[in-house]
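# Survey of secondary and tertiary structure
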Amino acid sequence: MHFALPTRGNHRSSPFLTNSVSRSYIPRGLHRPLYALLIFLVLAFFLLRSLSGPGRPADAPQTVMVLVLNRTDHSNEYIDKVVKNRQEYANAHGYGLFIKSTTDYPPGGSAGSGWSRIPAIRHAMSTYKHSEYFWYLDQDALIMDPTPSLEEHILAPLNSLMRRDVPIVPPQSVIKTYKHVPAERIQFILTQDKLGLTPGSMILKSGPWANYFLDAWYDPMFRFYNFARAETHALEHIVQWHPTILTKLALIPQKTFNSYSPLSENAENIYSDGDFIIRFPDCYKSEKNCENEFNRYWDKRRTVS
Amino acid sequence: MGSGSTFWGSDGGGGGDGGGESRSTSPGPALPISRSHSPLPTSRASSISNGGGGGWAPKSAANGYAPASGARRFLGKHLRKLSTSLPTYNRSTATGFTPTTPYYRGGGFFGRMRGGMARKPRTTWVCLLLIVSFLYVFLHLHHNPISNRLRGVSGGSKFVIILAANQGGGVMTWKGAKEWAVERDSIANKKAYAERWGYHLEIKDMSTKKRYAHEWRESWEKVDVIKQTMRQYPKAEWFWWLDLHTFIMEPSISLQSHIFNHLQNVTYRDINVYNPLNITHPPSKEEFFYIDEVAKSAVGDDRGESINIIVPQDCGGFNLGSFFIKRSEFSERLLDIWWDPVGYEQKHMEWEHKEQDTLEYLYTHQPWIRTGTAFIPQRMINAFPPGACSETPDDPRIFYSEKDRDFVVNMAGCEWGRDCWGEMASYRKVSERLNSGWWRKHF
């Protein structure tokens with residue numbers, strides 16, 4: 001601002017001229033000790049937080065594989081091979097391996113042993129409470145190529161892998177996967193075959209949503225309802241009726257981590273060389289033999305040397 | 001400051017040093033500028049001010065000219081004076097004021113206050129205290145539109161009361177004069193309460209309708225209504241469901257002071273405190289050995305923030321006649337899983353209390369529900385009249401007590417064989433009597 005006349009110097013009527021009044025609330029002599037105290041408090045806060053907080057231990061794996069063994073109808077040799085195969089993969093990528101038996105989680109009543117995967121995953125989540133991803137893979141599967149980690153094979157490219165706007169139960173159920181859900185919001189990754197969803201190979205992210213989802217799925221109302229395909233149909237049911245579940249779910253191409261053996265009944269998306277996984281989904285049926293099918297591919301698998 | 005005050009003294013000619021000062025600093029050349037800004041009447045005003053000598057703005061304004069023109073002229077003339085003498089924070093007030101405002105004294109008012117405060121600290125404190133208490137009484141306690149708006153801003157709009165009106169809707173029975181009267185009373189009661197504290201009130205029509213294409217889910221609308229209300233009030237946090245046959249007995253108590261300011265202390269997480277259903281809690285170790293530590297604990301994580309639904313219990317278990325639910329991911333999931341066709345198919349004959357029985361079932365069988373559920377002593381939000389819960393007539397935890405000034409009465413089950421209208425009228429009278437003092441009535 002320009003003034004026609006020069007100001008009249010430090011007059012009492014203008015109390016805010018330079019330095020006439022100190023604007024500071026803290027007496028001048030106290031500045032330095034106060035700053036020191038402040039810095040000390042901030043440092044102490046961060047130190048205490050890093051010491052006492054629910055810090056993640058350094059050796060906690062990022063990802064845990066869940067395996068539920070059904071020992072009743074299979075030879076020990078077969079079971080050992082399955083375990084060895086999973087161990088090879090877990091060791092190659094530093095994953096945790098959570099192995100339990102179906103008899104550890106009796107579903108009760110008339111419900112089949114397939115239900116045991118649900119409490120097993122929840123158990124793995126409460127055991128490895130600092131891990132983020134939990135990969136459940138059925139016993140009737142063989143990891144053929146252990147080189148890609150789950151992160152680089154599925155989690156990182158998830159956004160491009162996700163199949164959007166496809167019916168949950170093929171060929172034409174009314175409920176379809178959402179078109180615009182971003183990959184960051186996904187908590188549950190699985191595939192579908194010709195008949196519907198396949199909970200034989202699935203990835204879950206731990207957290208309150210996973211607890212909700214697993215508890216809802218394992219509800220006795222579904223367990224004892226006599227769904228024709230038990231836990232698979234129950235899963236399809238809750239996914240289609242409850243949008244809070246559907247919105248967290250990503251369907252990815254079946255061959256990503258659920259290729260079927262050529263002998264399986266719904267032989268679409270069958271295994272070809274270089275696939276990550278091969279599964280023998282109905283090998284337990286009487287005319288086939290899980291162990292024979294499994295052993296045929298055992299030597300073809302690649303190992304990490 | 002002295003200069004400012006005498007400058008605006010209404011006696012105009014005041015011969016103080018300030019007057020002299022002002023005359024010396026208001027320059028001649030400023031006048032033409034102010035004229036060019038002024039509308040028509042200014043020609044006369046300026047002639048007067050010229051004739052008046054010295055150009056005193058108050059005179060022209062006192063002659064009845066629009067204050068705007070007066071202000072403009074005043075500014076045009078004395079802009080330099082203002083800007084040199086005023087502290088910066090005062091500038092906006094100065095431009096807004098007209099010279100006729102009696103207490104306006106340029107920079108002098110605040111300056112004098114500062115001086116006064118420095119000289120008489122005790123008087124200053126008494127004055128401040130008086131002002132604050134006046135504001136408190138009339139903006140916080142007193143019931144008027146401004147205070148309502150303020151309460152809304154100060155957190156009242158975080159609460160929505162959902163009142164389930166028209167239950168049955170006259171489909172099952174004819175709705176007589178008494179039913180209409182009950183409904184009118186109940187709605188008026190909630191309306192007054194919501195208005196008093198700035199809460200939202202949503203009255204929902206719960207008449208029995210075939211709302212769905214399939215015949216399922218008939219009259220299970222509680223969940224849908226809550227979801228719909230949550231969409232209607234996207235900024236609200238807590239939703240209070242109230243059945244029609246409830247009466248807020250103490251409208252002078254806000255929800256914040258009654259419950260939400262000390263949520264942790266008035267609710268309990270461990271159902272064993274009062275467990276009429278004999279639900280095993282924490283979940284049995286044999287059945288639920290695999291769940292996480294928080295779900296295994298009897299009190300969850302025991303933090304107020306994790307409380308997402310607040311349920312009272314009566315002699316028969318959960319009571320959803322009056323309960324709170326918070327907008328959260330948890331409640332979104334709960335509201336989603338609450339109704340399921342497979343469950344409905346199996347249990348709808350058995351679960352005569354619909355959502356209430358379902359919630360009890362879910363609480364028992366799905367451990368994640370327990371981590372977000374808290375219970376509240378029944379008399380806090382859902383006291384019963386003597387007619388309800390006749391199985392346990394002596395339980396002091398259930399029935400309304402006038403002496404303890406219970407907050408809400410729920411005349412649960414009055415439509416089956418009891419007189420809803422009679423009960424409602426008598427409780428309304430009790431409430432009016434209890435809240436009848438001059439203080440209660442006005443504040």
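Being a predicted model, the structure only gives us computed values, none of them experimental.

### What about the overall build of chain A?
- When you go through chain A residue by residue, the secondary structure sums to eleven helices and nine strands.
- The proportion of buried residues among the 305 residues of chain A is 50%.
- When contacts within chain A are restricted to residue pairs at least 6 apart in sequence, those whose partners lie at least 24 apart make up 68%.
- With the model as given, the accessible surface of chain A reaches about 15,800 Å², and the carbon-plus-sulfur share is 55%.

### Observations regarding the overall build of chain B
- Of regular secondary structure, chain B possesses 22 helices and nine strands.
- Counting over 443 residues, chain B shows a buried share of 50%.
- Look at the contacts in chain B between residues 6 or more apart in sequence, and 73% of them connect residues 24 or more apart.
- On chain B, roughly 22,100 Å² of surface is accessible, and the fraction owed to carbon and sulfur atoms is 59%.

### Section: the side chain of Ser431(B)
Residues and elements named next belong to chain B.
- Relative to the helices and strands, Ser431 resides in helix H21 (residues 420-434).
- Assessed through its relative accessible area of 7%, Ser431 is described here as buried.
- Not counting the four nearest positions on each side in its chain, Ser431 is found in contact with Phe247, Ile248, Met249 and Pro251.

### Details of the packing of aromatic side chains
- For the coordinates displayed, the defined rule picks out 41 aromatic pairs over all chains.
- Here the aromatic residues Phe159(B), Tyr193(B), Tyr199(B), Trp238(B), Trp240(B), Phe260(B), Phe324(B) and Phe407(B) are joined through ring pairs into a cluster of three or more.
- The ring of Tyr218(A) carries Arg223(A) above its face, with NZ or CZ at 3.8 Å from the centroid.
- The side chain of Arg370(B) reaches across the aromatic face of Tyr363(B), ending 4.8 Å from its centre.

### Quick notes on the state of the cysteines
Residue and element names in this part refer to chain B.
- Summed over the entire model, instances satisfying the criterion amount to three disulfides over all chains.
- Shown here is the disulfide that connects Cys315 with Cys389, its sulfur atoms set 1.8 Å apart. Linking Cys315 and Cys389, the disulfide has an S-S dihedral of approximately -100 degrees and is accordingly described as left-handed. One end of the pair, Cys315, is in the loop between strand E5 (309-314) and strand E6 (317-318); the other, Cys389, is in the loop between helix H20 (378-381) and strand E9 (408-410), with 74 residues separating them in the sequence.
- Accessibility expressed as a relative area gives 8% for Cys389, which makes it buried.
- If one numbers only the bonded cysteines of chain B, in the order they occur, the disulfide pattern is 1-2, 3-4.

### Quick notes on the sheet that holds strand E5 (residues 188-192) of chain A
Residues and elements named next belong to chain A.
- Taken in spatial order, the six strands make up an open sheet running E2-E1-E3-E6-E5-E7, and their pairing is mixed. The sheet terminates laterally at strand E2 (96-101) and strand E7 (249-251), the two strands that pair on one side only. Looking at each pair of strands side by side, their axes are set apart by 25 degrees on average, direction ignored.
- Two elements, E5 and strand E6 (residues 197-205), share four bridges in a ladder whose sense is antiparallel. Counterpart to Phe188 in the pairing with E6 is Leu204.
- Of the strands in this sheet, strand E1 (63-69), E2 and strand E3 (133-137) touch helix H2 (residues 76-93), which is tilted by about 175 degrees from E1.
- Lying on the sheet, helix H3 (residues 117-127) is in contact with E1, E2, E3 and E6; it crosses E6 at an angle near 15 degrees.

### Brief notes about the confidence of the model for chain B
Residues and elements named next belong to chain B.
- Of the residues in chain B, 65% have a pLDDT of 70 or more, and the chain-wide mean is 77.
- This model gives residues 1-69 a pLDDT under 50, and the stretch forms 69 contacts once residues within four places in sequence are excluded.
- Below pLDDT 50 for its whole length, residues 90-102 participates in 18 contacts with residues either more than four positions away or in separate chains.

### A word on the pairing of E5(A)
All names here are of chain A.
- The element E5 is extensively covered by neighbouring structure, given that five of its five residues are classed as buried.
- Burial along E5 is two-sided: the residues Phe188, Leu190 and Gln192 and Ile189 and Thr191 are all buried.
- The turn joining E5 and E6, which pair antiparallel and follow one another in sequence, is formed by four residues; a positive phi near 155 degrees is taken by Gly196.
- As judged from the three bridges shared by E5 and E7, these two strands associate in the parallel manner. Directly across from Ile189, in E7, lies its bridge partner Ala250.

### Side note on a nonpolar patch on the surface
- A cluster of nonpolar residues, Leu30(A), Leu34(A), Leu37(A), Phe40(A) and Leu41(A), forms a patch on the protein surface that exposes about 490 Å² of accessible area.
- Here Leu34(A) lies in helix H1 (residues 31-52).

### As for the packing of H3(A) against helix H6 (residues 208-217) of chain A
All names here are of chain A.
- Contact pair H3 / H6: the axes reach a minimum separation of 9 Å and the direction vectors enclose 155 degrees. Considered as vectors, H3 and H6 are oriented roughly antiparallel to each other. The hand of the H3/H6 crossing is left-handed. Across from Ile118, Ile121, Arg122 and Met125 in H3, the residues of H6 making contact are Ala210, Asn211, Leu214, Asp215 and Trp217.
- Taken together, the residues of the contact of H3 with H6 break down into six nonpolar, one polar and two charged.

### A look at unusual backbone geometry
- Here Pro170(A) and Pro171(A) are connected by a cis peptide whose omega angle stands at 5 degrees.
- Among the structural elements, Pro171(A) can be located in the loop between helix H5 (158-161) and E5.
- Positive phi values are uncommon outside glycine, yet Cys389(B) reaches one of about 55 degrees.
- Phi angles above zero are rare outside glycine, and Arg405(B) is one such case at about 55 degrees.
- Within the secondary structure, Arg405(B) sits in the loop between H20 and E9.

### Details of helix H18 (residues 355-365) of chain B
- Here H18(B) lies mainly inside the structure; nine of its eleven residues are buried.
- Looking at H18(B), one finds that the buried residues are Glu355(B), Gln356(B), Asp357(B), Thr358(B), Leu359(B), Glu360(B), Tyr361(B), Leu362(B) and Tyr363(B).

### Looking at the environment of Gly417(B)
Residues and elements named next belong to chain B.
- Position of Gly417 relative to the elements: it lies in the loop between E9 and H21.
- A relative accessible area of 81% means that Gly417 is categorised as exposed.
- Taking the C-alpha atoms as reference points, Gly417 and Gly387, separated by 30 residues in sequence, lie 9.9 Å from one another.

### A short note on H21(B)
Residue and element names in this part refer to chain B.
- The first and last C-alpha atoms of H21 sit 21 Å apart over 15 residues, in line with the 21 Å expected at 1.5 Å per residue.
- What H21 keeps buried is the set Cys420, Glu423, Met424, Ala425, Tyr427, Val430, Ser431 and Leu434.
- Each element contacted by the buried residues of H21 is listed here: helix H11 (177-197), strand E4 (246-248) and E9.
- Two to three positions downstream of the cap, the backbone nitrogen of Trp421 sits 3.3 Å from a side-chain oxygen, assigning the N-cap of H21 to Asp419.

Rules of the game
- Residues numbered from 1 in each chain as written.
- Chains lettered and ligands numbered in written order.
- Predicted model: local features only at pLDDT ≥ 70, side-chain atom pairs only at ≥ 80, totals over all residues.
- Heavy atoms only, no water.
- Helix = DSSP H or I, 4+ residues; strand = E, 2+ residues; numbered from the N terminus.
- Buried < 20%, exposed > 50% of the residue type's maximum accessible area, 1.4 Å probe, protein only.
- Contact = heavy atoms within 4.5 Å.
- Areas by Shrake-Rupley, 256 points an atom, 1.4 Å probe, with all protein chains shown as cover.
- Phe/Tyr/Trp six-rings, centres within 6.5 Å; stacked < 30°, edge-to-face > 60°.
- Lys NZ or Arg CZ within 6 Å of the ring centre and 35° of its normal.
- Disulfide = S-S within 2.5 Å.
- Pairing = 2+ DSSP bridges.
- Axes fitted to C-alpha atoms, helices over the stretch in contact; angles between N-to-C directions.
- pLDDT = per-residue confidence, 0-100.
- Patch = residues over 30% accessible without salt bridge, like charges linked within 9 Å, V, L, I, M, F, W, Y side chains within 5 Å.
- Salt bridge = Lys/Arg side-chain N within 4 Å of Asp/Glu carboxyl O.
- Parallel < 35°, antiparallel > 145°, perpendicular 65-115°, else oblique.
- Left-handed = near helix turned anticlockwise from the far one by under 90°.
- Nonpolar A, V, L, I, M, F, W, Y, C, P; charged D, E, K, R; others polar.
- Expected span 1.5 Å × (residues − 1).
- Polar contact = N/O pair within 3.5 Å; in protein donor to acceptor, adjacent residues only side chain to side chain.

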